[in-house]
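Report on the structure
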Amino acid sequence: MGKLHIVDHPLIQHKLTIMRDKHTGAKDFRVLLDEISMLMGYEVTRDFPLCDVNIETPMTHMTGKKIAGKKLAIVPILRAGLGMVDGLLKLLPVAKVGHIGLYRDPVTHTPVVYYCKLPTDIDERIVVVCDPMLATGGSASDAISMLKEKGCKNIRLMCLVSAPEGVSKVQNDHPDVEIFTAALDKELNENCYIVPGLGDAGDRLFGTK
Ligand code: PRP
Ligand code: URA
């Protein structure tokens, strides 16, 4: 079963509480999501392999460490995942960015694909899939399946708020994928929204409601 990491650093909890507040507007919501994504990126990349490099400091020669030549890709699930890309790119500036467009059917709550554009060598990359909300888990699971169909073998999922149902679905469908989330909330409501959650992440991010 894929490991669940709850990344609950005090700074992340503080910023997430402001995001959850219904009085927080789109501008602050965007800035906070960007900041939390960067902070979470620290944990998502914790196991990245290192290699030795010989350098010269102003004082002497030494062997330092650098991230080994592993190639990376960040894949946001549209729309709301877009809000996590810049924070991750600040840490991983050489990563390529792919996009998977999915929306939840309002009646069945199952995901519908409308866009997919990935780096051509995605199968050679460590892939970080990002989406703030892991509710039923349908969107994340389908996005991960699409990446596996392209040959991806090293995929991790980064979310902001998750429901137990979504975590279980991804763990069952993709036991090889580790999940990183800032919070594990209580449940889904009758419309498959996370409770307490933060509402509709895409609408809050882009001010569309
Ligand atoms: C939201 C969210 C996830 C999905 C989560 O997107 O950003 O992609 O719902 O729900 P699930 O775990 O039940 O699949 P939405 O479909 O609202 O699209 P949007 O980002 O374009 O608003
Ligand atoms: N999508 C969201 O944006 N929020 C939820 O709570 C569930 C799905």
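Before reading further, recall that the structure is shown in the block above.
Residues numbered from 1 in each chain as written. Chains lettered and ligands numbered in written order. Predicted model: local features only at pLDDT ≥ 70, side-chain atom pairs only at ≥ 80, totals over all residues. Heavy atoms only, no water.

**Some remarks on helix α1 (residues 10–20)**
Residues of α1 that are buried include every one of Ile12, Lys15, Leu16 and Met19, and no others. The arc that holds every buried residue of α1, seen down its axis, measures 105°, which confines them to one face. In α1, those exposed residues whose orientation departs by more than 90 degrees from the buried face are Pro10, His14 and Thr17. In this structure, the buried side of α1 is in contact with α2 (26–44), β10 (154–162), β11 (178–184) and α6 (201–206). (Buried < 20%, exposed > 50% of the residue type's maximum accessible area, 1.4 Å probe, protein only. Helix = DSSP H or I, 4+ residues; strand = E, 2+ residues; numbered from the N terminus. Arc of directions from axis to C-beta. Contact = heavy atoms within 4.5 Å.)

**A look at the site of ligand 2**
Lining the immediate surroundings of ligand 2 are Arg104, Met133, Ala135, Cys192, Tyr193, Ile194, Gly199, Asp200 and Ala201. The backbone of Ile194 places a nitrogen or oxygen atom 2.8 Å from an oxygen atom of ligand 2. One nitrogen or oxygen atom from the main chain of Gly199 is found 2.8 Å from a nitrogen atom belonging to ligand 2. Relative to its free-state accessible area of 240 Å², ligand 2 is covered by the protein chains to the extent of 89%. In terms of residue class, the shell around ligand 2 is made up of 6 nonpolar, 1 polar and 2 charged. (Near = heavy atom within 4 Å. Polar contact = N/O pair within 3.5 Å; in protein donor to acceptor, adjacent residues only side chain to side chain. Areas by Shrake-Rupley, 256 points an atom, 1.4 Å probe, with all protein chains shown as cover. Nonpolar A, V, L, I, M, F, W, Y, C, P; charged D, E, K, R; others polar.)

**Topic: the packing of α1 against α2**
For the pair α1 and α2, interaxial distance at closest approach is 10 Å and the crossing angle is 155°. With respect to α2, the axis of α1 lies roughly antiparallel. In terms of crossing hand, the pair formed by α1 and α2 is left-handed. Here Leu11, Ile12, Lys15, Leu16, Ile18 and Met19 of α1 lie close against α2, whose contacting residues are Phe29, Leu32, Leu33, Glu35, Ile36, Leu39 and Met40. Its residues assigned to classes, the contact of α1 with α2 comprises 11 nonpolar, no polar and 2 charged. (Axes fitted to C-alpha atoms, helices over the stretch in contact; angles between N-to-C directions. Parallel < 35°, antiparallel > 145°, perpendicular 65-115°, else oblique. Left-handed = near helix turned anticlockwise from the far one by under 90°.)

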